[in-house]
Amino acid sequence: MRLIYVDESYCKACYYVVALLVPETSVRPLGAALDTVVIDASWGYGGINSQAELHGYDLFHAQRDWEPLKTMARARIGIYGKALQAIADHDVRVIIRGVMSRRLVQRYGERASHPHSVTLWHLLERCDEYLEQVGDVGLAIADEPGQADQQPEYRKSLRDFQLTGTRGYRSRQITRIVDTIYFAPSTASRLVQAADLIAFLHHRMETETNTDTRVVKANNALWARIAPRVIHSRCWIP
């Protein structure tokens, strides 16, 4: 079985969702490796809690758990890199789906689905397709959505996909993602945090307008660590 950890990163213009597919035998080792990254940071830098959340935005901008490193950008980038390397060192796969949110509204108006719903459905299709190729099944565990009432909606959508199939030109019946979608707060799951790190960096690189070559170089170096594990990445432009 593969555990499918899902998280998102977005802005007004676009919305990205990432799936981190982890074999059950790698779940505990990867979680422990990410714990080690944070523990090492807490030993090396004052003020960092050994249970600090590996959150992409907070690491990049020295917010919340990572505020003590506000003047230490190099240290924050180093921690981010170590976390991505820990992920890449395990037998994981990454699938990324996105949608241009503004174009979605322009095309469909009031009939437009929420960008999260659209990207999640596309993501589940590709995850199901991959699981079929490798002869395995998966269980989806997603970061809690911003609104609690979205959870029943997403569970119903997956159930509909399992019974009658998805919509669109690549419609398929979901047969390899079993049971329902489980939701967990990112603070409680290192592997949901892993999906967040990937989602934030991907979103940042796709939308970043900073022309500082040092920033571009740092982003590229970080992405190079996880890129070999990405098996699908696409953004839908309605």
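Thresholds applied
Residues numbered from 1 in each chain as written. Predicted model: local features only at pLDDT ≥ 70, side-chain atom pairs only at ≥ 80, totals over all residues. Heavy atoms only, no water. Pairing = 2+ DSSP bridges. Helix = DSSP H or I, 4+ residues; strand = E, 2+ residues; numbered from the N terminus. Axes fitted to C-alpha atoms, helices over the stretch in contact; angles between N-to-C directions. Parallel < 35°, antiparallel > 145°, perpendicular 65-115°, else oblique. Left-handed = near helix turned anticlockwise from the far one by under 90°. Contact = heavy atoms within 4.5 Å. Nonpolar A, V, L, I, M, F, W, Y, C, P; charged D, E, K, R; others polar. Buried < 20%, exposed > 50% of the residue type's maximum accessible area, 1.4 Å probe, protein only. Salt bridge = Lys/Arg side-chain N within 4 Å of Asp/Glu carboxyl O.

- Taking an unreviewed UniProt entry as the reference, the protein is identified by name as DUF3800 domain-containing protein belonging to Actinokineospora guangxiensis.

## Description of the sheet that holds strand β6 (residues 230-236)
Right, so step 1: In space, the 6 strands of this open sheet follow the order β5-β4-β1-β2-β3-β6, with mixed pairing throughout. Edge positions in the sheet fall to β5 (177-184) and β6, since each of these pairs with one other strand and no more. Strand-to-strand twist in this sheet, taken as the mean axis angle between neighbours without regard to direction, amounts to 20 degrees.
Right, so step 2: Pairing of strand β1 (residues 2-10) with strand β4 (residues 138-143) involves 5 bridges; the strand directions are parallel. The residue bridging Leu3 from the neighbouring strand is Leu139, located in β4.

## Considerations on the packing of helix α7 (residues 190-207) against helix α8 (residues 213-226)
Right, so step 1: Where α7 contacts α8, the two axes come as close as 11 Å, and the packing angle between them is 140 degrees. Taken together, the axes of α7 and α8 are oblique relative to one another. Where α7 crosses over α8, the handedness of that crossing is left-handed. Facing Ile198, Leu201, His202, Arg204 and Met205 of α7, the residues of α8 in contact are Val215, Asn219, Asn220, Leu222, Trp223 and Ile226.
Right, so step 2: Class assignment of the residues belonging to the contact of α7 with α8 gives a composition of 7 nonpolar, 3 polar and 1 charged.

## Brief notes about the environment of Asp40
Right, so step 1: Along the chain, the position of Asp40 falls in helix α1 (residues 24-44).
Right, so step 2: Between the C-alpha atom of Asp40 and that of Ser50, which follows or precedes it by 10 residues, the distance is 8.1 Å.

## A few points about the pairing of strand β3 (residues 93-100)
Right, so step 1: Of all the 8 residues making up β3, 6 are buried; the element is thus mostly covered by neighbouring parts of the structure.
Right, so step 2: Taken together, the 8 bridges between strand β2 (residues 14-23) and β3 define a ladder with antiparallel strand orientation. Among the inter-strand pairings, Leu20 is bridged to a residue of β3, identified as Val94.
Right, so step 3: Across 6 bridges, the pairing between β3 and β6 is parallel.

## Observations regarding the pattern of salt bridges
Right, so step 1: For the structure shown, the criterion picks out 11 salt bridges.
Right, so step 2: Close ionic contact of Arg126 with Glu125 constitutes a salt bridge, the shortest N to O distance being 3.3 Å. Across the pair, Glu125 and Arg126 agree in class, each one buried.
Right, so step 3: The closest approach of N and O atoms between Arg126 and Glu129, which form a salt bridge, is 3.5 Å. Of this pair, Arg126 and Glu129 both sit in helix α5 (residues 115-134), 3 residues apart, which is roughly one turn of the helix.
Right, so step 4: Its relative accessible area of 5% is what places Arg126 among the buried residues.
Right, so step 5: Linked by salt bridges that have partners in common, Glu125, Arg126 and Glu129 make up one network.

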